[in-house]
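# Architecture and fold: a report
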Amino acid sequence: AALAAQLSLSFAECPGTGSAQAGRAAACQGCPNQGLCAAGAAGPDPAEAAELRARLRAVRHTVLVLSGKGGVGKSTFSALLAHGLAADETKQVALLDIDICGPSIPKMMGLEGEQVHQSGSGWSPVYVEENLGVMSVGFLLSSPDDAVIWRGPKKNGLIKQFLRDVDWGEVDYLIVDTPPGTSDEHLSIMQYLSATHIDGAVIVTTPQEVSLQDVRKEINFCRKVKLPIIGVVENMSGFVCPKCKNESQIFPPTTGGAEKMCQNLNVSLLGKVPLDPQIGKSCDRGQSFLAEAPESPATVSYRNIIQRIQEYCEQHHFQEEKIM
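Calculation criteria
Residues numbered from 1 in each chain as written. Predicted model: local features only at pLDDT ≥ 70, side-chain atom pairs only at ≥ 80, totals over all residues. Heavy atoms only, no water. Core = buried A, V, L, I, M, F, W, Y, C linked by side-chain atoms within 4.5 Å. Buried < 20%, exposed > 50% of the residue type's maximum accessible area, 1.4 Å probe, protein only. Helix = DSSP H or I, 4+ residues; strand = E, 2+ residues; numbered from the N terminus. Contact = heavy atoms within 4.5 Å. pLDDT = per-residue confidence, 0-100. Pairing = 2+ DSSP bridges. Axes fitted to C-alpha atoms, helices over the stretch in contact; angles between N-to-C directions. 1 Å grid on protein atoms, 1.4 Å probe; cavity = no way out; pocket = protein on both sides within 12 Å on 5 of 7 lines; lining within 4 Å. Points joined across faces, edges and corners; volume = space filled by probe spheres on them. Nonpolar A, V, L, I, M, F, W, Y, C, P; charged D, E, K, R; others polar. Expected span 1.5 Å × (residues − 1). Arc of directions from axis to C-beta.

## With respect to the nonpolar core
Counting residues in hydrophobic clusters, the biggest one holds 86 residues, and the most contacted among them are Leu64, Phe77 and Ile309. Ranked by residues supplied to this core, first place goes to helix 4 (residues 74-86) with seven residues. Setting aside residues up to four positions removed in sequence, Phe77 forms contacts with Val65, Val202, Val204, Val233, Tyr302, Ile305 and Ile309.

## Side note on the confidence of the model for the chain
Where the model shows low pLDDT, its predicted coordinates should not be examined in detail. With 88% of its residues at a pLDDT of 70 or more, the chain has an overall mean of 87. For residues 1-11, every residue scores under 50 in pLDDT, and the model assigns this stretch one contact once sequence neighbours within four places are set aside.

## Here we look at the sheet that holds strand 5 (residues 126-129)
One open sheet holds the eight strands; their spatial order is 5-6-2-7-1-8-9-12, and the pairing between them is mixed. Sheet topology places strand 5 and strand 12 (269-272) at the edges, where each strand pairs with a single neighbour. The average undirected angle you get between the axes of adjacent strands in this sheet is 20°. Looking at chain direction, strand 2 (residues 93-97) and strand 7 (residues 171-177) are connected through five bridges and run parallel. When the sheet's bridge partners are listed, Asp97 is paired in strand 7 with Asp177. Packing of helix 7 (residues 184-193) onto the sheet brings it into contact with strand 1 (59-66) and strand 7, and relative to strand 1 it is tilted by some 165°. In the packing of helix 9 (residues 257-265) onto the sheet, the strands contacted are strand 8 (200-205), strand 9 (229-234) and strand 12, and the crossing angle to strand 9 comes to about 155°.

## Brief notes about empty space enclosed by the protein
In the structure shown here, the tally under the stated rule is one cavity of 30 Å³ or more. When its volume is computed, the largest cavity comes out at roughly 40 Å³. Looking at the largest cavity, the residues that line it are Gln92, Val93, Ala94, Tyr127, Gly133, Trp168, Glu170 and Val171. For the lining of the largest cavity, a count of residues per class yields five nonpolar, two polar and one charged.

## Digging into helix 8 (residues 209-224)
Taking 1.5 Å of rise per residue, the 16 residues of helix 8 would be expected to cover 22 Å, and the 23 Å separating its terminal C-alpha atoms lies within 8% of that figure. When helix 8 is considered as a whole, its buried residues turn out to be Ser211, Leu212, Asp214, Val215, Glu218, Ile219, Phe221 and Cys222. Down the axis of helix 8, the smallest arc covering the buried residues is 165°, so these residues share one side. Where helix 8 is buried, its residues contact strand 1, helix 7, strand 8, strand 9 and helix 9. Looking one or two places after helix 8, you find Lys226, whose phi comes out positive at around 60°.

Have a look at this one:
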């Protein structure tokens, strides 16, 4: 009981990564991220920050895709968000996969087996289309079945390389697919991108309480590190039988689902995406579900959500320009 009380107090008093006390407060003692937070509290190394700014200065919008729970469709959403944005051929889109231990983006984007090439200007992204480039640790493995067994510092170093050494070029949207949770990779991407800017985060959940419980933690993480929340997407939100047209709740929203959670936490609900077996099939084949099933109710939901994200980013950019 004493240990539980001590842990509860420590988590409640976390000063947040942006605080001058990050990694140094009493509540930080024993936290596995103490060293990383302490290093970030003094701000990024000036030379390193300058390198990151130089590399990312041509990135107009950056969106992080987060989820507290694994298996809620976060990488699927990241892939379809990238496809949806790149449907406008005038926009240049980049998809960065920082899920180091579970890189599924190469498979979903039809790029399995591709290799990263290096030029005088850095690593080149692997392109799905002329206006859609992808980078993932999956391109650095000799086999898709290879396990990445790395401690935090090595993962953090690779994330920095992805931002500093990849020749992203002129990019309208940089989408960052993150692993589940609120740990090393999330702190690293926030620390490194603090040298530039982030428009905000999209948080993906499913309707059941066991998922929402972890998503609430993700929302609290965003608020602690001062990461704007664009909104929440409820994935796997009901299933309409293609034969009888009856709707079933595969994951019942026993506590009100994402809608109720968003109301309670004052966060925008970007939309609900129903289950469609074709989504999984398209991802396995490395194809865009949006293009393969344009009339699906799930595609309609995705397109509405993507439009809301675009509108948020444009408004955010306009406000930043006014301040400047």
